Each structure stands twice: as structure tokens, then as C-alpha cells.
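Close look at the chain arrangement
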Amino acid sequence: MSEPRVTSAVLRAARRQARTSLIRKYSTGAGLGNLLLPGILLVVLWFVRDADFSDGLVAASGYVFSGFLAFGVVAAAVMGVAGELQTERDDGTLLRAKAVPHGMAGHLLAKLLITPVDALIPIVPAVVGAAVLLPGTMPAETGRWLLLLVVFLLTVAAMLPWGAVLGSVFRSMVSFAWAMMGIYALAALSGLFFPLALLPTWLQWLAQATPLYWIGVAFRWVLLPDSAAAAELGGEWRIGLALVVLVAWAVVGMLVAPALLRRMARRQSGTVVAAARERVLNRGY
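Residues numbered from 1 in each chain as written. Predicted model: local features only at pLDDT ≥ 70, side-chain atom pairs only at ≥ 80, totals over all residues. Heavy atoms only, no water.

So, about unusual backbone geometry. You will see that arginine 238, though not glycine, has its phi angle at about 55°, which is positive. Along the polypeptide, arginine 238 turns up in the loop between helix 10 (211-223) and helix 11 (239-267). Exposure remark for arginine 238: the relative accessible area of 25% places this residue in the partly exposed category. (Helix = DSSP H or I, 4+ residues; strand = E, 2+ residues; numbered from the N terminus. Buried < 20%, exposed > 50% of the residue type's maximum accessible area, 1.4 Å probe, protein only.)

Quick look at the structure:
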């Protein structure tokens, strides 16, 4: 088969898998439960709509809302992808993909198609709700909406490879759960939901070494008024540095993830899958 035909077949298989996965996920109670989070968030923001940070420089509702959007994308790209790879390794999905010509390429391409949609599904009702209930929270200019789309896609590109890295490195749901708890803690300390200047200096430096802080900066830069920059470290957005950091994380992740995924695929066998199923039957995870 020629290279164009191979590419076309892989793309078709990836689209079919992405469509099937999304339909299966969001036709279950667990998938639909993700849509409750925007509602809960909007209720919380409604009650804190008059609160502010940094002596009135930025509204608390707008700051927290931008953090919710940022972390929603991170959760879909990192925790969502890593969790799915864990499950697929144990239930034999990856082994079946490995057995089909170009199956792993199609499987990973499907992840690239699924993740942006997966991130958007809870974000869209949150954005609509915020525009109705919290006037001024969402951009008023078309250019700002386009910038929000660019930041969204760049965040997906920066974080998705690292979701694949986590999914290939951690071999049990227990270790994976600890890693997820670490990401939640990192999100809480990275300035996504309150100004980082409120934390000790050493934590400020630690947060700036992570991509989550810079993702938060990018989302706030798009969504908050220019005056809110005074609440940032240094009193400015540093958006150029934020974009460079995210591109760097994307590039490094795209170099590291394929190698780890190939190693994980090579280790998949019927014996490994059978042992995983036995472990799940005995331990429940």
C-alpha cells in the first residue's frame, strides 16, 4: 500500500474511533456528569461576584472562571489521556491496536482528535452561562475570541503529550491516582484560582517552573481586563514568555511521548493483559 493510502486509512480509522469513543463516553452517566461541573462553578461564581483580589484590581469571579477554563483543558489533556491509556493497557485495547497494521498510529491520532472535543464539552456550557449570568466575564471583541481559541489549542498541544507520558510511565491505578493528586495540588498552588503573589516567594518560583502557571497567565491575558495585569507577578502579563514556555513544553513532550509509547506498546502481550485482568478481579483496580 502506498504512503498516501496508508495515511488516508489511518485518518479514517482515527475518525471512526474518535467518534465512537465520544458517543460511548457521553451517553453514560459518568460522561454526562462532567456537564454538572460548569453548573456548580457558575453557582459559586454567582455568590462571589462582588468579591475581588489585590485591593479591587481584579474581580474574583473573572479570575476563578479563567482558572476553571485553564484547568479544564489541562484535566482533559493530561488526566483524561493518561487515565484512558491506563485502562486501555489493562483491558487489551492497546494490544489489539498493536496487532493491526498502523493500529497504534491510528489509536494515538484518535486521542489527538478526542482531546480538544473532550475539553470543549464542559467548557461550552460554562462559557454560555458566564456570558448570561456574569456580564463582562467573556470577551466582547471577535479578536479576543480568536485569541482564546489559539490559547486553548496551544494548551492542548502542550499538555496532551505529557498525558501520554504519564499514562505510559505509571503501571497501576494506585500510582496513577497519586500522580493525579499531585496535579491537583500543583493546580492549587500555581495561581490558577488566586493571584500567585499571595504565596511565599519560594512557592512563586516553584509555580513558575510548571506549565500550569503559564497556562493560567495566557487564559487571564485573554479573558481579564488590562488592569488585572497589576495582580500578576511583576505587574505585567509576560504573555510572550508564557507562549514560549508552552511551545517548549509541547515540543519536548512530542519528542518524549512517542518513545515512551512505543516502549509501552512493545511490552504489551497477551500474558501482560491476562495478568492485569487477574489483578483487577482480585483487587478491584
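This brings us to the pattern of salt bridges. Under the defined criterion, the tally for this structure stands at two salt bridges. Between arginine 144 and aspartate 226 there is a salt bridge, with the nearest N and O atoms lying 3.7 Å from each other. Residue arginine 144 is found in helix 7 (residues 142-169), and its partner aspartate 226 is found in the loop between helix 10 and helix 11; the two are separated by 82 residues along the sequence. Put simply, arginine 220 and glutamate 232 hold a salt bridge, and the shortest N to O gap is 2.7 Å. Within this pair, whereas arginine 220 is found in helix 10, its partner glutamate 232 is found in the loop between helix 10 and helix 11, the two being separated by twelve residues in sequence. Of the two residues, arginine 220 and glutamate 232, neither departs from the other in class, the shared state being buried. (Salt bridge = Lys/Arg side-chain N within 4 Å of Asp/Glu carboxyl O.)

Judged by side-chain charge, Arg12, Arg15, Arg16 and Arg19 come together as a positively charged surface patch. Inspection of the secondary structure assignment puts arginine 19 in helix 1 (residues 3-25). Of the residues examined, arginine 19 reaches a relative accessible area of 48% and is grouped as partly exposed. (Patch = residues over 30% accessible without salt bridge, like charges linked within 9 Å, V, L, I, M, F, W, Y side chains within 5 Å. Areas by Shrake-Rupley, 256 points an atom, 1.4 Å probe, with all protein chains shown as cover. Lys, Arg positive; Asp, Glu negative; His and termini not counted. Charge placed at Lys NZ, Arg CZ, Asp CG, Glu CD.)

Glancing now at the layout of surface pockets. Size it by volume and the second largest pocket reaches roughly 440 Å³. Lining the second largest pocket we find 22 residues, and of these Leu108, Leu109, Ala257, Pro258 and Leu261 sit closest to its centre. For the lining of the second largest pocket, the secondary structure elements donating two or more residues are helix 4 (60-91), helix 6 (103-133), helix 7 and helix 11. The element contributing the most residues to the lining of the second largest pocket is helix 11, with eight residues. Its residues assigned to classes, the lining of the second largest pocket shows 18 nonpolar, one polar and three charged. (1 Å grid on protein atoms, 1.4 Å probe; cavity = no way out; pocket = protein on both sides within 12 Å on 5 of 7 lines; lining within 4 Å. Points joined across faces, edges and corners; volume = space filled by probe spheres on them. Nonpolar A, V, L, I, M, F, W, Y, C, P; charged D, E, K, R; others polar.)

In this section: helix 7. For helix 7, spanning 28 residues, the distance from its first C-alpha to its last is 41 Å, which sits close to the expected 40 Å at 1.5 Å a residue. At methionine 159, helix 7 is bent by approximately 25°, the largest bend along its length, and proline proline 161 sits one to four residues beyond. (Expected span 1.5 Å × (residues − 1). Bend = angle between axes of the 7 residues up to and from the residue.)

Moving on, we get to empty space enclosed by the protein. Applying the stated criterion to the full structure yields two cavities of 30 Å³ or more. There is about 40 Å³ of room inside the largest cavity. If you trace the largest cavity, you find it lined by Tyr63, Pro195, Leu196, Ala197, Tyr213, Arg220, Ala231, Glu232 and Leu233. Size it by volume and the second largest cavity reaches roughly 30 Å³. Those elements that provide at least two residues to the lining of the second largest cavity are helix 4 and helix 6. For the lining of the second largest cavity, the leading source of residues is helix 4, giving four residues. Here the lining of the second largest cavity is composed, by residue class, of three nonpolar, two polar and two charged.

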